[in-house]
Amino acid sequence: MWAAAVVCCGLVASAGAQGGTQDKGDLPQAPVPNITTKLPGGVVVERPTPGALPLSLDDAIARGEKHNLQQLLVIQNERMVRGQVLTVENNLLPSLTAKGALEAQQINLAALGFKGTSLAQFGIDPATFPTVVKVNTAEARISMNQQLFNVPAYYLYRSAQKAADAAHFSTLNGLGAVTLSVGTQYLLALADAAQIDNARALEKADEVAYQQAKDSHDAGVGTNLDVLRARVQLQTQQQAVINSENAFAKDKIQLNRIIGLPADQEIVLTDTAPYAEFSELPLADAMRIAFQRRKDLLSLQAQLEVATQARKAVKGERLPTLAFDGYYGVLGQIGGLYHGVFSATGKLSVPVFQEGQLRGESEVATAQAIALRQQIQSLRVSIEWQIRAAMLDVQSSNELVKVARSNVDLATQEVQDASDRFKAGVEDNLPVVQAQAVLAQAQSRLVQTLYQYNQSKLTLARNTGVVESQYKVYLGR
């Protein structure tokens, strides 16, 4: 019985781009495979679909909850624990077994020492009495076994129930982790897409500046240095576009992996990076919500209940147990007389001396309970500093977004003023190049700070234990 409790505890602890159309001149595409392929054991392997797959943030999170590998493993762990609960529960339920048997026997009486001549004294002719006897019998019975009084079995069942609760909380905790991971990766891909748009816009502006410098040089009013400087700026921006596109492609591949899509599945992000100021959440309210909703904390508390019930089961092993065992059926010769047979046995077991084993099991159960209490206390302290740190990140990143937006507006105005002076022939294009570099940095910083702001809000939702259900509220969608 104690082994069953250890198994329950062990199982719980193991748980926490755009597409294009094909030109007529291209080679014909290979046949498109099926979307899914089923392998033995119910494993489903996704296959890429033709064209680009539209994917919103909600769709990505929903797919991650269903197909993320870590989440699938946690779900199977919960199934194993529930199976263990049924096994432990069977110790308290009556066990009924039906049995039917046909038996054919051939008995050699002479081989067993019987002598036919001994029958003569009873007036029986030995020649008429066979020494080989054949007997064909049939039997049908139903047996029942029931634990009438077994304290350890009862507390082990209670312990297994708490183990199932702990496994369920571990599954929900994994769900929150998947939501945070998918949401963060989706926001990162959106940031990459924004970087590409900014880089391409600056590339077009650099192309215009390069053409203006070239036209001025051809007209004899500009210098060759202006042309070289504009060309270097253009090529530098072209490199920025390539780098941004490469980062975007890699982050989409990573997103595909998290949500269970094939690596070569092309996706189109249908959402844009959200921006909504998050109303300040008082620390006391956040702590209260976290202590009520953090699934890792609830899982540890359920595991403590597992250890507590297991310790009671160990104490109950010193008590006697009472069980009933019996059967009823019929037995007789085939074609002959049948007669009812039955057995009823009451069994009382009293432990006399098992002190070493009982003390050892008690020490193990006590140590588990103490360790879990220490973990719970440590986690409660960690929750406080996690929430405090997340709140600071939310506040600071929000201020950074406001400053970054102002910098983008100022840098845009600076580029416009420098371009106007260059067109008027007042200055060369050096101020234009410098202003465009400042604008590029300001736009990149705005994208980064917006991503950090949204990511910090998701982290705060995760630290308070509500990310899987309220991520839309925290992102302001």
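Rules used throughout
Residues numbered from 1 in each chain as written. Predicted model: local features only at pLDDT ≥ 70, side-chain atom pairs only at ≥ 80, totals over all residues. Heavy atoms only, no water. Salt bridge = Lys/Arg side-chain N within 4 Å of Asp/Glu carboxyl O. Helix = DSSP H or I, 4+ residues; strand = E, 2+ residues; numbered from the N terminus. Buried < 20%, exposed > 50% of the residue type's maximum accessible area, 1.4 Å probe, protein only. Expected span 1.5 Å × (residues − 1). Contact = heavy atoms within 4.5 Å. 1 Å grid on protein atoms, 1.4 Å probe; cavity = no way out; pocket = protein on both sides within 12 Å on 5 of 7 lines; lining within 4 Å. Points joined across faces, edges and corners; volume = space filled by probe spheres on them. Nonpolar A, V, L, I, M, F, W, Y, C, P; charged D, E, K, R; others polar. Core = buried A, V, L, I, M, F, W, Y, C linked by side-chain atoms within 4.5 Å. Pairing = 2+ DSSP bridges. Axes fitted to C-alpha atoms, helices over the stretch in contact; angles between N-to-C directions. Phe/Tyr/Trp six-rings, centres within 6.5 Å; stacked < 30°, edge-to-face > 60°. Lys NZ or Arg CZ within 6 Å of the ring centre and 35° of its normal.

Please clarify how the pattern of salt bridges should be interpreted in this entry.
Should the charged atoms of two oppositely charged side chains come close, the side chains can pair. Applying the stated rule across the entire model yields twelve salt bridges. Here Glu277 ties to Lys402 by a salt bridge, and the two come within 3.6 Å at their closest N and O atoms. Here Lys402 lies in helix α8 (residues 355-423) and Glu277 lies in the loop between β6 (267-269) and α6 (283-293), a separation of 125 residues in the sequence. The class for Lys402 is partly exposed, based on a relative accessible area of 36%. Taken together, the shared-partner salt bridges connect Glu277, Glu399 and Lys402 into one network.

Explain helix α9 (residues 430-463) to me, please; I cannot follow it from the model alone.
For the α-helix, the turn length of 3.6 residues means that residues three or four positions removed from each other point alike. A rise of 1.5 Å per residue sets the reference length of α9, with its 34 residues, at 50 Å; its end C-alpha atoms lie 49 Å apart and thus fit the reference within 8%. Downstream of α9 by a residue or two, Gly465 has a phi angle that is positive, lying close to 85°.

Looking at this structure, I do not really get the side chain of Ser159. What am I missing?
Inspection of the secondary structure puts Ser159 in helix α4 (residues 151-218). Residue classification places Ser159 among the buried residues on the basis of a relative accessible area of 1%. Setting aside residues no more than four positions away along its own chain, Ser159 makes contact with Val306, Gln309 and Ala310.

Any chance you could explain the layout of surface pockets here in plain terms?
The volume enclosed by the second largest pocket comes to roughly 370 Å³. Lining the second largest pocket are 21 residues, with Gln195, Ala240, Ser244, Ala440 and Ser444 positioned closest to its centre. Every element with two or more residues in the lining of the second largest pocket is listed here: α4, α5 (224-259) and α9. Counting residues per element, the lining of the second largest pocket draws most heavily on α9, at nine residues. Looking at the lining of the second largest pocket residue by residue, the classes come out as nine nonpolar, eleven polar and one charged.

What exactly am I supposed to notice about the nonpolar core here?
Grouped together as the largest cluster of nonpolar side chains are 66 residues, with contacts concentrated most on Val182, Tyr186, Leu255, Leu269 and Ile387. If one sorts the elements of this core by residue count, α8 sits on top with 16 residues. Each residue touching Leu269, except ones within four places of it in the same chain, is listed here: Leu55, Tyr186, Ala189, Leu190, Phe248 and Leu255. Membership of the second largest hydrophobic core comes to eleven residues, among which are Val85, Ala160, Ala164 and Ala313.

Could you clarify how one ought to interpret the sheet that holds strand β7 (residues 321-333) in this entry?
Remark on secondary structure: sheet strands pair via backbone hydrogen bonds, oriented parallel or antiparallel. Spatially, the four strands line up as an open sheet ordered β4-β5-β7-β8, and their pairing is antiparallel. With partners counted over all chains shown, the strands left at the sheet margins are β4 (95-108) and β8 (338-349), one partner each. Strand-to-strand twist of the sheet, defined as the mean angle between neighbouring strand axes without regard to direction, takes the value 20°.

I keep staring at empty space enclosed by the protein and nothing clicks. Help me out?
Taking a probe equal in size to a water molecule and rolling it over the atoms shows the remaining empty space. By volume, the largest cavity is sized at about 30 Å³. What lines the largest cavity is Leu172, Asn173, Gly176, Arg294, Lys295, Arg462, Gly465 and Glu468. In terms of residue count, α4 provides more of the lining of the largest cavity than any other element does, three residues in total. A per-class count over the lining of the largest cavity returns one nonpolar, three polar and four charged.

Would you mind going over the packing of aromatic side chains with me for this structure?
What characterises a pair of aromatic rings is the spacing of the ring centres plus the angle enclosed by the ring planes. The full count for this structure, using the stated rule, is three aromatic pairs. Arranged with centres 5.8 Å apart and planes meeting at 50°, the rings of Tyr275 and Tyr453 form a pair that is tilted. On the criterion of sequence distance, the pair formed by Tyr275 in the loop between β6 and α6 and Tyr453 in helix α9 is long-range, its members being 178 residues apart. Taking relative accessible area as the criterion, Tyr453 reaches 0% and is therefore assigned buried. One residue, Arg141, lies across the ring of Tyr327, its end atom 3.8 Å from the ring centre. A cation sits over an aromatic face here: Arg380 above Phe291, 4.0 Å from the ring centre.

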